Amino acid sequence: MNLNILWLFVTPLFFAFGWLAGRIDMKTVIRQAKQLPQRLYDGIEALIDNRTGIASDNIRDIVEQEPQLTELHLSLGKLYRNRGENDIAIKSHTKLLNSQFLISQTEKDKVRLELARDFQNAGLIDRAENLLLKLLESELYSHKAQELLLDIYQQDKNWKDAIDTAKKLATSDYSFHTEVAQFNCELAQEALIKSDNQKALEYINFALEINRKCVRANILLGELFYNQEKFDDALKTWQLVEKQNHLYLPMVIERVFDCYIQLNKIKEGLTLVKGYITLYPQLNLCDILYQKLIAYESTATILEYLRTTIKNHPNSKAASRIIELHINNITPDVSPYTKPDAEIVRHLLLSYNARLARFSCGRCNFKAQTFFWQCPACYEWESISPVSLE
Ligand SMILES: [Zn+2]
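Residues numbered from 1 in each chain as written. Predicted model: local features only at pLDDT ≥ 70, side-chain atom pairs only at ≥ 80, totals over all residues.

*Asks:* Would you mind showing me how to read the overall build of the protein chain here?
*Replies:* Per the secondary structure count, the protein chain includes 18 helices and two strands. In terms of C-alpha radius of gyration, the protein chain reaches 33 Å, well past the compact-globule figure of 21 Å for 390 residues. Principal-axis analysis of the C-alpha atoms gives the protein chain an extent of 130 × 55 × 35 Å. Counting the 390 residues in the protein chain, one finds 29% classified as buried. Long-range contacts, defined as pairs at least 24 residues apart, comprise 45% of the intrachain contacts of the protein chain with a sequence gap of at least 6. (Helix = DSSP H or I, 4+ residues; strand = E, 2+ residues; numbered from the N terminus. Rg over C-alpha atoms; globule rule 2.2 N^0.38 Å. Buried ≥ 20, exposed ≤ 12 C-beta atoms within 10 Å, placed from the backbone. Contact = placed C-beta atoms within 7 Å.)

Set out below in structure tokens:
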């Protein structure tokens, strides 16, 4: 009996607590909903001001509060990745991929593509590749996955898969012939290092087949002939570089002269290289030749070349060479300080040259002391000029 009376009191009390809890919860929801536009505004404002840390904090709060906003969640992961926080980006995109709010296969594929980018940025190439290979079946993201795979294969120096992928991506608008020729050149280079001349020749021929303007293929072919002591063939091959693109002559001129030395045709060699200097004064060939000509030409003749170079292509290296040639003729009777002073100026000019001479990418303006066939900054092939400038 007592128990029944107790229930009479407890039951309404139970409903009252439930109602109260519901009211409190509703109030929280309404308050948070009112805060949402402000947080979004704050996030956008922070992004505009490049305060990406604050922006990501704001967006993260919104995404936690409103998990159904999957597109915003996707953007949050991208933001983490752009900030270099690859591990957080991976966690964020993985969480989204497992979310109940992602329903269609297309939505899931979109997230997988971003997750693959996160893995790529984090250097987890295998995981990125596995995801992208699965995406090749995707209706919407197959092409994008293949483009990313091409990047990954290049990053991984997996040139064979890079060739296959580039060929699949080729269209009438963009043939990828420059890239495929370069990938074959990379393979040829590897074969040359292993002294596998047969394989190297195969890859060089593939490169020239797909892109007959591929200068690098002829540079490598000349190298192959030279290593086999076929100096005549090496000479003929390297001379083709002038017809393909004379800007690359500085890369072979020294070797061309070496061929003439090996063939005991130094006089012909001198005539040819002097012709190049006259014909292409902008190429800054003088310093390369200076080291060769010094053994065969008079000081007066070399000085004349250097003066011509400085007129057409002012640079501190050529100026230092002029001082170098004069220095030996300076006798102490002129002044005991003349020779040491000239040495100081020569060293200064050389150090300027070492500091300032750069190869420059025509696409992204990246500058480097070493020449690269593929720009390390924008990953474009053949975008770096082979002519170094101060
Ligand atoms: Zn570049």
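*Asks:* So what exactly am I meant to see when it comes to the environment of Leu 72 here?
*Replies:* Mapped onto the elements of the fold, Leu 72 is located in helix α3 (residues 70-82). On the neighbour-count criterion, Leu 72 (17 C-beta atoms within 10 Å) is partly exposed. Here the alpha-carbon distance between Leu 72 and Arg 60, two residues 12 residues apart in the chain, equals 9.0 Å. Excluding residues that lie within four positions of it along the chain, Leu 72 makes contacts with Ile 59, Ile 62 and Val 63.

*Asks:* What's the story with the packing of helix α12 (residues 231-245) against helix α13 (residues 253-262) in this structure? I'm lost.
*Replies:* For any two helices packed against each other, the geometry is given by the interaxial angle and the distance between the axes. Here α12 crosses α13 at 150 degrees, and the two axes come no closer than 9 Å. By the angle class used here, α12 and α13 are roughly antiparallel. Here α12 and α13 pass one another in a crossing that is left-handed. Contact residues: α12 offers Phe 231, Ala 234, Leu 235, Trp 238 and Gln 239, while α13 offers Arg 255, Val 256, Cys 259 and Gln 262. Here the residues of the contact of α12 with α13 are counted per class, giving six nonpolar, two polar and one charged. (Axes fitted to C-alpha atoms, helices over the stretch in contact; angles between N-to-C directions. Parallel < 35°, antiparallel > 145°, perpendicular 65-115°, else oblique. Left-handed = near helix turned anticlockwise from the far one by under 90°. Nonpolar A, V, L, I, M, F, W, Y, C, P; charged D, E, K, R; others polar.)

*Asks:* Can you walk me through unusual backbone geometry in this structure?
*Replies:* Backbone geometry follows two general trends: most residues other than glycine have a negative phi, and most peptide bonds adopt the trans configuration. Of note, Asn 50 is a non-glycine position whose phi angle comes to about 65 degrees, a positive value. Note that Asn 50 resides in the loop between α1 (2-48) and α2 (52-65). Take Asn 50: there are 8 C-beta atoms within 10 Å of it, and that puts it in the exposed class. Positive phi values are uncommon outside glycine, yet Tyr 379 reaches one of about 65 degrees. In this fold, Tyr 379 is placed in the segment after β2 (367-368).

*Asks:* Help me understand the domain arrangement of the protein chain in this model?
*Replies:* Interfaces are often sized by the amount of accessible area the parts lose when they come together. Domain annotation of the protein chain identifies domain 1 (22-168) and domain 2 (357-390). Its C-alpha centre places domain 1 at a distance of 32 Å from the equivalent point of domain 2. (Domains from an automatic or database assignment.)

*Asks:* Is there a simple way to explain the nonpolar core in this structure?
*Replies:* When a protein is soluble and globular, its nonpolar side chains tend to lie buried together. Among the nonpolar cores identified, the biggest contains 68 residues, and Ala 188 and Ala 207 are the most heavily contacted of them. Apart from the residues lying within four places of it in its own chain, the contact partners of Ala 207 are Ala 181, Asn 184, Cys 185, Ala 188, Cys 214 and Ala 217. (Core = buried A, V, L, I, M, F, W, Y, C linked by C-beta atoms within 7 Å.)

*Asks:* Which parts of the structure should I look at to understand α12?
*Replies:* Think of an α-helix as turning once every 3.6 residues; residues three or four places apart then point the same way. Taking 1.5 Å of rise per residue, 15 residues should cover 21 Å, and α12 covers 22 Å from first to last C-alpha, within 8% of that figure. Taken residue by residue, α12 has Ala 234, Leu 235, Thr 237, Trp 238 and Val 241 as its buried positions. The elements touched by buried residues of α12 are α11 (215-227) and α13. (Expected span 1.5 Å × (residues − 1).)

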